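# Examining the three-dimensional arrangement
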Number of protein chains: 2
Amino acid sequence: MSTRVTISDVAKLAGVHPGTVSRALNKKTENQVNAGTVRRVRDAAKRLGYSPNSIARGLRTSSSMTVGVIIPDLTNPIFPPIVRGIDSYLLPRGYTTVVVNTDGSDANERKLFESLVQRQVDGFIFGTGHTGQSIVHEAYERGIRGVMVNRDSGGVPYPAVVGDDSQGIRASVEHLAQLGHRRLVHLEGPASFSTSRVRAASFLSSCAEYGLSGTVALCDSYSVDEGQRVMDAVLAEHSSQPTAVVAGNDLLALGVYHSLRMHGLRCPEDISVVGFNDMPFSGDFQPPMTTVRVPQTELGAESARLLLRQIEDADRSAVRVVLPVELIVRASTTRVHQA
Amino acid sequence: MSTRVTISDVAKLAGVHPGTVSRALNKKTENQVNAGTVRRVRDAAKRLGYSPNSIARGLRTSSSMTVGVIIPDLTNPIFPPIVRGIDSYLLPRGYTTVVVNTDGSDANERKLFESLVQRQVDGFIFGTGHTGQSIVHEAYERGIRGVMVNRDSGGVPYPAVVGDDSQGIRASVEHLAQLGHRRLVHLEGPASFSTSRVRAASFLSSCAEYGLSGTVALCDSYSVDEGQRVMDAVLAEHSSQPTAVVAGNDLLALGVYHSLRMHGLRCPEDISVVGFNDMPFSGDFQPPMTTVRVPQTELGAESARLLLRQIEDADRSAVRVVLPVELIVRASTTRVHQA
DNA sequence: CGTCAATTCGCAATCGATTGCCCAAAAGCG
DNA sequence: CGCTTTTGGGCAATCGATTGCGAATTGACG
């Protein structure tokens, strides 16, 4: 299988030493070899269809031109765009990305992390923002290069690329306030994610700012089922019902849709709902979802850029890049029916 | 970065030769070494936190324990489940998967393919079913191991794992016939995909079977925009309008939704729509989509199984696995209003 | 024409693990 | 007790590329 033509084959054909071939074929060292020789080597290589064995190269240079991307679950629609964003930056620069899914388990995360380290990946992009005992701390201690994406670094001095969560939530609350809503509920994501707390905090302060009553319900995971479960609980309470829901993300918001439907409530007529992320197809839901657009592809690309800066320029400054977000108003929010 | 403890360190601590360490740590060769020694080596390794350098191993064994997965676009929602399915089979067996996106370009496909070959991947899973000049033929000629997933092999004797497209379309047509529809349109996917023609053929024969009038409109890509464009064209025709649309996949069906909405037509009251794939969230669209469920995760897992069989057992039989599909009736189809 | 610096390129070590070959020690056997 | 067969494990080559070192060639310059 695969390539059988090696650097020595090229050397033989070009009538030079293998070392010379290596130098001739490498951009940074080709000035160490005569221009004519470079040309001879070049077309010897082309003639034979030579392509360097990156495993061998990796062994020698102890770099694999590969980066690991650790995310909770690829089937969560916000991740594919992020991954594509990462790829779009890395691929043209000769890097390959390996994506692994933890399914939210710290044990998986650790196992996958080790397996990638063993594969000599040159760095990591962490899309799992646990504040708990994730391997992020350990990775940093071990001197492994890394970047956080879509999650805060939680104390570890890795660079982080995030959307402007506070601003997004604030815009959502403002929008609802302008529509006349006075009693809001926020479905907060699991405590293990840094974003959950940021969003909840912003929700509370924004409600205060606009003089609204805001309460928070905690979810155990960012999933449709959990959103439905928690919304069911909210509706079961006897205290005064909210007229609008600010969900921690679009998945939770979708769960809210389901819950409302089960209870015979209409969205947005009875209750308005705002999501977060503007994941793909959220504009096609029933009803089309008002949500906060986060530039996922850009998040990915930017995180890749920061990682490469670490790898290639040994720049370990712990910058924090906050990308702007935008409230997309669609049909899941409307003016409150009566005061 | 990464691991600095090598096999020789372990050998030194255990008081044996590096070669012995290698044998002791390898399942298939550990019977060549005394049980006591194995134990000594084992905990020397544990004590030092040794973890083998898979690059070095790969160089020697010329296998990377990596498989390449080539798909058009990860943000197409049918692919994440397939990829997860592949992973679920490969990961426990020590393999890592590298996913690359061609964005439908043959040039990209070739470039990515070569780059993966150069990385010594042990095999490929092709999710790009071009019938044209994809690299699949060449890969086979070169003796590279591979499997087709979600696409037919198109003449190349690679194993293929597909959903039962014919049956799915037939079930859709039957469903519409039972609802009283008589004039159907099929939005056929691009000719370069083997599935497109299979589905179109099944559509036509099923219409004949049920005595319906069925016409076909060709799309240039499997995308929402293209579905909308083509449906616009269908609606612009002056001939008798269809009462139901069988879309080549869910993305096209979504485009049909958009087109209908633009034309002030209601789905399903004015026109019924059936999708294909049951991609994630298709039950949350407006209206919830009647579509054919394809077991994507299983497709992925099965293709991975077939690939490993080639890699590890040198079994190159070109089996073709057809997984059953199921029509999921939701709200985008209804009884025809009047005859 | 001799000396010194700059080019060019060959040599061989190296990255870390695997594995065929072979020798020594132990075990089996008559 | 001597001889054959196992068993255990050391030795060194190997995978394919990169790279520090130094030798040889060329050119510049006084």
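Description of the structure in this document. Predicted model, so just to flag it, every value in this text is computed and none were measured.

### Here's the deal with the nonpolar core
One finds Leu187(A), Val273(A), Leu187(B) and Val273(B) to be the most contacted residues of the largest nonpolar core, which totals 133 residues. Not counting chain neighbours up to four residues away, the residues in contact with Val273(B) comprise Val245(B), Ala253(B), Val256(B), Tyr257(B), Leu260(B), Cys267(B), Thr290(B), Ser332(B) and Thr333(B). Counting 36 residues, the second-largest nonpolar core is a separate cluster that includes Phe124(A), Leu112(B), Leu116(B) and Val121(B).

### A word on the protein's contact with DNA strand D
Around DNA strand D, a shell composed of 24 residues is seen, among which Ile7(A), Ser22(A), Arg60(A), Thr20(B) and Thr37(B) lie nearest. The sugar-phosphate portion of DNA strand D accounts for 65% of its atoms within 4 Å of the protein, the bases making up the rest. A distance of 2.7 Å separates a phosphate oxygen of DNA strand D from a polar backbone atom of His17(B). One of the side-chain N or O atoms of Arg23(B) is found 2.8 Å from a base oxygen in DNA strand D. The element best represented in the surface near DNA strand D is helix 4 (residues 54-61) of chain A, accounting for 4 residues.

### Section: helix 4 of chain A
For helix 4 of chain A, the set of buried residues is Ser54(A), Ile55(A) and Gly58(A). One side of helix 4 of chain A holds all its buried residues, which, seen down the axis, span an arc of 105°. In this structure, the buried residues of helix 4 of chain A make contact with helix 4 (54-61) and helix 6 (106-118) of chain B. Where helix 4 of chain A begins, the capping side chain belongs to Asn53(A), and its oxygen is found 2.8 Å from the backbone nitrogen of Ile55(A). Positive backbone phi, approximately 45°, marks Ser62(A), located one or two places after helix 4 of chain A.

### A closer look at the pairing of strand 8 (residues 244-247) of chain A
Residues and elements named next belong to chain A. Neither face of strand 8 is exposed, since Ala244 and Val246 on one face and Val245 and Ala247 on the opposite face are all buried. Pairing geometry for strand 8 and strand 9 (residues 272-274), over 3 bridges, is parallel. Its bridge partner being in strand 9, valine 246 is matched across the sheet by valine 274. Each parallel crossover has a hand, and for strand 8 linked through helix 11 (residues 250-262) to strand 9 it is right-handed.

### Points about the relation of the copies chain A and chain B
Superposing chain A onto chain B takes a rotation of 180° plus a shift of 0.0 Å along the axis, which leaves an RMSD of 0.1 Å. Both copies are brought into coincidence by an operation consistent with a two-fold rotation axis.

### So, the sheet that holds strand 6 (residues 183-188) of chain A
Residue and element names in this part refer to chain A. One open sheet holds the 4 strands; their spatial order is 7-6-8-9, and the pairing between them is parallel. Every interior strand has two partners, whereas the edge strands, strand 7 (213-218) and strand 9, have only one. Across the sheet, the mean angle from the axis of one strand to that of its neighbour is 20°, orientation sign disregarded. Strands in contact with helix 9 (residues 194-210) are strand 6, strand 7 and strand 8; relative to strand 6, the strand with the most contacts, it is inclined by about 170°.

### Considerations on the protein's contact with DNA strand C
Looking at DNA strand C, there are 24 residues lining it, with Thr20(A), Thr37(A), Ile7(B), Ser22(B) and Arg60(B) nearest. Restricting attention to atoms of DNA strand C within 4 Å of the protein, one finds that 63% of them are sugar or phosphate atoms. At a separation of 2.7 Å, a phosphate oxygen of DNA strand C approaches a polar backbone atom of His17(A). Between DNA strand C and the protein, one listed contact pairs a base nitrogen with a backbone N or O atom of Ala56(B) at 3.2 Å.

### Brief notes about the sheet that holds strand 2 (residues 96-101) of chain B
Residues and elements named next belong to chain B. Spatially, the 6 strands line up as an open sheet ordered 2-1-3-4-5-11, and their pairing is parallel. Of all strands in the sheet, those bounded by a partner on one side alone are strand 2 and strand 11 (320-323). Strand after strand, the sheet turns through a mean of 20° between neighbouring axes, direction not considered. Seen against the sheet, helix 5 (residues 79-90) touches strand 1 (66-71), strand 2, strand 3 (123-126) and strand 4 (146-149) and runs at an angle of roughly 160° to strand 2. Helix-sheet contacts for helix 12 (residues 296-313) involve strand 1, strand 3, strand 4, strand 5 (160-163) and strand 11, and the interaxial angle to strand 4 is about 165°.

The rules behind each value
Residues numbered from 1 in each chain as written. Chains lettered and ligands numbered in written order. Predicted model: local features only at pLDDT ≥ 70, side-chain atom pairs only at ≥ 80, totals over all residues. Heavy atoms only, no water. Core = buried A, V, L, I, M, F, W, Y, C linked by side-chain atoms within 4.5 Å. Buried < 20%, exposed > 50% of the residue type's maximum accessible area, 1.4 Å probe, protein only. Contact = heavy atoms within 4.5 Å. Near = heavy atom within 4 Å. Polar contact = N/O pair within 3.5 Å; in protein donor to acceptor, adjacent residues only side chain to side chain. Helix = DSSP H or I, 4+ residues; strand = E, 2+ residues; numbered from the N terminus. Arc of directions from axis to C-beta. Pairing = 2+ DSSP bridges. Right-handed = clockwise from strand over helix to strand, strands pointing away. Least-squares fit on C-alpha atoms with pLDDT ≥ 70 in both. Axes fitted to C-alpha atoms, helices over the stretch in contact; angles between N-to-C directions.

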